[in-house]
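Architecture and fold: a report
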Amino acid sequence: MFKKIGIPRALLYYDYYPLWHTFFENVGAEIVLSDRTNNKILNDGVKYCINEACLPVKLFHGHIVNLIGKADCLFVPRMKSVARNEYICPKFTGLPDMIRSSVPNLPPIIDCEVNLRKSNAQLKEAFFEAGSFFTEDKARIWTAAQIAMEANDRYRKQVEGGRLPAQILENRQVPDNDGLRIAVIGHIYNLYDDYINRGLLGKLYENGARVFTPELIQGGIVDGNAAKLDKKVFWSFARRLMGAAMHFAEQKNVDGVIYLMSFGCGIDSFIAELCERRLRRQTDIPFYLIVLDEHSGEAGINTRLEAFIDMLKWRKRNDSDLSAHG
Ligand code: SF4
């Protein structure tokens, strides 16, 4: 039996940490989180991961390296699908194999499969597999699973109610600004990892902006908007981003939209384009695309962000009828 489990503070940590944390705690595991992303984690990620991967996957490798020697085992679930008839990016499916083949001196990896494409029943198997590394008591594992699912539901409700938990925001307080209203669209692990996005949300808050992200919109609204597309987007996270963009385009309740895109991400490469086209067709809301990779410099992002904010302020003050698209 293992005692300490290492969980990388990367990728789906931002979506599922309350679920995982509650579950492992209730089966008696001690949880070790990797450090917040820093320069060493980025460098290790770039060193050990294949060049072709996107920045978030490279960073995940760095977080794995950060946990070596701190835990008896690492949690890298093989995530295939998190919703009926949908998939998530294939990189999540291959993540345990990528890690095993790229990072040396690893402790054992718990890589239970999560595939809810056909039904939620498979989740039970995943819980039993993961829990069996810490206890032989099946009743305890099932009780832990139920408590964890309740924690997950509370977390979703809290986020959709407009409040991001402190642990996700890394204990930063969100100011109640009433200046510009700016939507920031992107994968959750790009939005809330301050290192990866060069402190984007903090900079917007400092400029008095109120920030809206896809997670803060109720799931039903996102789903309803995404369903209006001619063809179903069958990648769960892409559907969330597209549904959010369509919501902002329909409500016209933001002054600007920023899309955070990972270089090398197939999903972002066309969802960003679809979001921009939708906004241009339906609104005159300015759109700003930031592409993140390991070479993104903070100064470059700052300069363009300041120009974007100045332009939004100017439009708000003077004439919002002016075209945002030239
Ligand atoms: S969805 Fe895009 S950013 Fe996320 S892991 Fe897949 S390729 Fe990388």
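Residues numbered from 1 in each chain as written. Predicted model: local features only at pLDDT ≥ 70, side-chain atom pairs only at ≥ 80, totals over all residues. Heavy atoms only, no water.

**Topic: a nonpolar patch on the surface**
The grouping of Phe263, Leu289 and Val291 at the surface amounts to a nonpolar patch, some 260 Å² of accessible area in total. If you trace the backbone, Phe263 turns up in the loop between strand S9 (256-262) and helix H11 (266-282). With relative accessibility at 53%, the residue Phe263 sits in the exposed group. (Patch = residues over 30% accessible without salt bridge, like charges linked within 9 Å, V, L, I, M, F, W, Y side chains within 5 Å. Areas by Shrake-Rupley, 256 points an atom, 1.4 Å probe, with all protein chains shown as cover. Salt bridge = Lys/Arg side-chain N within 4 Å of Asp/Glu carboxyl O. Helix = DSSP H or I, 4+ residues; strand = E, 2+ residues; numbered from the N terminus. Buried < 20%, exposed > 50% of the residue type's maximum accessible area, 1.4 Å probe, protein only.)

**Observations regarding H11**
Along its 17 residues, H11 runs 25 Å from first to last C-alpha, staying within 8% of the 24 Å computed at 1.5 Å per residue. Turning to H11, its buried residues are Ile267, Asp268, Ile271, Ala272, Cys275, Arg278 and Leu279. One face of H11 carries all of its buried residues, which in axial projection span an arc of 130°. Buried residues in H11 make contact with helix H10 (236-251), S9 and strand S10 (287-292). (Expected span 1.5 Å × (residues − 1). Arc of directions from axis to C-beta. Contact = heavy atoms within 4.5 Å.)

**Re the domain arrangement of the chain**
Under the domain assignment used here, the chain contains domain 1 (4-160) and domain 2 (181-317). Using only C-alpha atoms to locate each centre, domain 1 and domain 2 end up separated by 26 Å. Residue-level contacts link 27 residues of domain 1 with 27 residues of domain 2. Summed over both partners, the interface of domain 1 with domain 2 comes to about 2300 Å²; 60% of that surface belongs to carbon and sulfur atoms. (Domains from an automatic or database assignment. Buried area = accessible area lost by both parts, 1.4 Å probe.)

**Comments concerning the layout of surface pockets**
When its volume is computed, the largest pocket comes out at roughly 970 Å³. What lines the largest pocket is a set of 38 residues, and nearest its centre among them are Tyr16, Val82, Asn152, Arg156 and Arg240. If you tally residues by element for the lining of the largest pocket, the top one is helix H6 (residues 138-160), at eight residues. By residue class, the composition of the lining of the largest pocket is 24 nonpolar, four polar and 10 charged. Of the domains in this structure, domain 1 (4-160) and domain 2 (181-317) are the two that each give at least three residues to the lining of the largest pocket. (1 Å grid on protein atoms, 1.4 Å probe; cavity = no way out; pocket = protein on both sides within 12 Å on 5 of 7 lines; lining within 4 Å. Points joined across faces, edges and corners; volume = space filled by probe spheres on them. Nonpolar A, V, L, I, M, F, W, Y, C, P; charged D, E, K, R; others polar.)

**Concerning the confidence of the model for the chain**
Overall, the prediction assigns the chain a mean pLDDT of 89, with 94% of residues at 70 or greater. For the chain, the element scoring lowest by mean pLDDT is helix H9 (residues 219-226), at 87; strand S3 (residues 73-75) scores highest, at 98. (pLDDT = per-residue confidence, 0-100.)

**Concerning the nonpolar core**
Core analysis: the biggest nonpolar cluster contains 108 residues, and Phe23, Phe24, Val184, Leu204 and Ile258 have the highest contact counts within it. Per element, the largest residue contribution to this core is nine residues, and it comes from H10. In terms of domain composition, this core takes at least three residues from each of domain 1 (4-160) and domain 2 (181-317). If we skip the residues at most four places from it in the chain, Phe24 touches Ile5, Ile7, Ala29, Ile31, Phe75, Ala130 and Phe134. (Core = buried A, V, L, I, M, F, W, Y, C linked by side-chain atoms within 4.5 Å.)

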